[in-house]
Amino acid sequence: MRTTIEATGESAPVVMVAGPSFAEVYRDYAAYVWPVLRRLGVRDADVEDVCQEVFLVVHRKLPQFAHRSSIRTWLYGIAVRCASDYRRRAHVKREAPQSQLGDAPVDAPQPKSVADRQARAVLDEILETFDEPKRAVFVLYELEELSMADVAEAVGCPLQTAYSRLHAARAEFELAVSRRRAQERSL
Amino acid sequence: MNETNDPVRLQLGGSRDAQDLLRSAHLDVPTRAQLDRLAAKLAPTVSISAATVAVTPWLVGAAAVIGFVAVLLVARDREPAATPPPVPAPIVARVEPAPIPAEPSPIKAQTANVETVPPSNAEPEPQPRRSKTAKVAKRETTPPREMDLLGLAHQALGAGDFTRALELATRHRELYEAGVMTEEREAIAIESLFRLGKQDAARARFYAFGAKFPNSGYRARLDHLLADQKR
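Residues numbered from 1 in each chain as written. Chains lettered and ligands numbered in written order. Predicted model: local features only at pLDDT ≥ 70, side-chain atom pairs only at ≥ 80, totals over all residues.

**Quick word on the overall build of chain B**
The test is simple: Helix and strand definitions follow DSSP, with helices as H or I runs of at least four residues and strands as E runs of at least two, each counted in order from the N terminus. Counts of 20 or more other C-beta atoms within 10 Å of a residue's own C-beta define buried residues, counts of 12 or fewer define exposed ones, and intermediate counts define partly exposed ones; C-beta atoms are placed from the backbone. Contact between two residues is assigned whenever their backbone-derived C-beta positions fall within 7 Å.
Assigned secondary structure in chain B consists of 11 helices and zero strands. Each helix (α) and strand (β) of chain B, taken in turn from the N terminus, gives the series α-α-α-α-α-α-α-α-α-α-α. Burial status across chain B gives 39% buried among its 231 residues. Nonlocal contacts in chain B, meaning residues at least 24 apart in sequence, comprise 64% of its contacts between residues at least 6 apart.

**A closer look at the overall build of chain A**
Regarding its fold elements, chain A presents nine helices and zero strands. Written out in order from the N terminus, the α and β elements of chain A read α-α-α-α-α-α-α-α-α. Counting only residues that meet the buried cut, chain A has 41% of its 187 residues in that class. Here the analysis covers contacts within chain A between residues at least 6 apart in sequence; of these, 70% occur between residues at least 24 apart.

**A word on the nonpolar core**
The tendency in soluble globular proteins is for nonpolar side chains to be buried side by side. Heads up, the condition is: For our purposes the nonpolar core covers buried Ala, Val, Leu, Ile, Met, Phe, Trp, Tyr and Cys residues that link as a set through C-beta atoms within 7 Å.
Counting residues in hydrophobic clusters, the biggest one holds 86 residues, and the most contacted among them are A:Val33, A:Leu37, A:Ala79, A:Val137, A:Val151 and B:Ala153. Once residues lying within four places of it in the same chain are set aside, the contact partners of A:Leu37 are A:Val42, A:Val47, A:Val50, A:Cys51, A:Ala79 and A:Ala83.

**Examining helix H9 (residues 159-186) of chain A**
Selection rule: Take the number of residues in a helix, subtract one, and multiply by 1.5 Å to get its expected span.
With 28 residues, H9(A) should reach 40 Å at 1.5 Å per residue; the first-to-last C-alpha distance of 41 Å fits that figure. For H9(A), every residue scored as buried is listed here: A:Ala162, A:Tyr163, A:Arg165, A:Leu166, A:Ala169, A:Arg170, A:Phe173, A:Ala176 and A:Val177. In this fold, the buried residues of H9(A) make contact with helix H6 (114-128), helix H7 (132-143) and helix H8 (148-155) of chain A together with helix H1 (10-13) and helix H2 (16-24) of chain B.

**Quick word on unusual backbone geometry**
Residue and element names in this part refer to chain A. Residue Glu 145 is not a glycine yet carries a positive backbone phi of 60°. Along the polypeptide, Glu 145 turns up in the loop between H7 and H8. The class for Glu 145 is exposed, based on 12 C-beta atoms found within 10 Å.

**Focus: the confidence of the model for chain A**
Low pLDDT means the predicted coordinates in that region are not meant to be read closely. All names here are of chain A. The condition is simple: One number per residue, pLDDT, summarises how confident the predictor is, and it ranges from 0 to 100.
Per-residue pLDDT for chain A averages 80, and the proportion of residues at 70 or more is 77%. When pLDDT is averaged over each helix and strand of chain A, the minimum, 36, is found for helix H1 (residues 5-8) and the maximum, 95, for H7. Counting interchain partners and residues more than four positions distant, the pLDDT-below-50 stretch residues 1-17 has 28 contacts. The model gives residues 96-106 a pLDDT under 50, and that stretch makes 16 contacts with residues more than four places away or in other chains.

Here it is in structure tokens:
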């Protein structure tokens, strides 16, 4: 059944808000949302479904989007929330964290070299050790390169809290990297 | 806040190893096929959005849910294809035979209330499956997804099975109390309660809904529904 407007018979008015259409938002930002979900802990096999959830929320909320932030920041906020919900689901919790490479779908992008793939796996493993709030701030600032003001807006916390989380996450990240380096040297 | 106050990013100011790791993230982009497949799933929503002027937010949301869930349910019963993803048109065509919930609706009478809905241990998932592959067996142990539950609830609502719709909304609340689709769930539950003749419960829940989602697109419709009953 494909619901169409003509078939509904409803005629309630809809408030028109200036701004991009849903199709435009999807076209311009889907490729941004997808990887950020992965970095926020959504497994390769589930990214498509969670991305779909993100755009369902976008579709619902877009008419009310007040443009107080950029579309990208707003979208990342939704992605953070959806990824958080995903990680809380029981079936995700039951399964131990694992390398993302193992469950990548057939058509998942494959980094060009072994070194790239290893780097990606190591990055995933390190991010997996972060708690959720720090991870979100770290991913949005260090990888997605939002400003800290936008990061705070996207994750819904005060700016100073975002700075604190970033500071802690960066320290954890550098420590994890140096530990890995030391382990590699000892082999 | 001024962006210039932000610290130098690790990709520029971190250790060499940290920089290398962070740069590997830039290799992580979706393929064209993945984006096409996602677009195909979203196609019903996009087509509605293209002519938003004549449709209420409630119907947009409902159509989106129906479209998504129908596609998901159809896809769920199919083995994973090794071939490239379908284009939008076939996906929409496959939505046509949207599956009706196979589970028996245990309560026929229109007297159920929220408290008497069967307990959550009545898992909707463990039903006989056509395929006995390990992948399907694994799925059976997972709880139903938010969209699956609410898509079925919406179908039940549309089919006039308000008891079933309320059961499914209640099940959703048990599994995803603060889920992504809480707003949709509450709208379905309120209408179901109302249609079951539980106006007081419907109204109480509607007030809570209004407080929680003051700008919801569902409010006007629900308000209208409850107001009709007063007259």
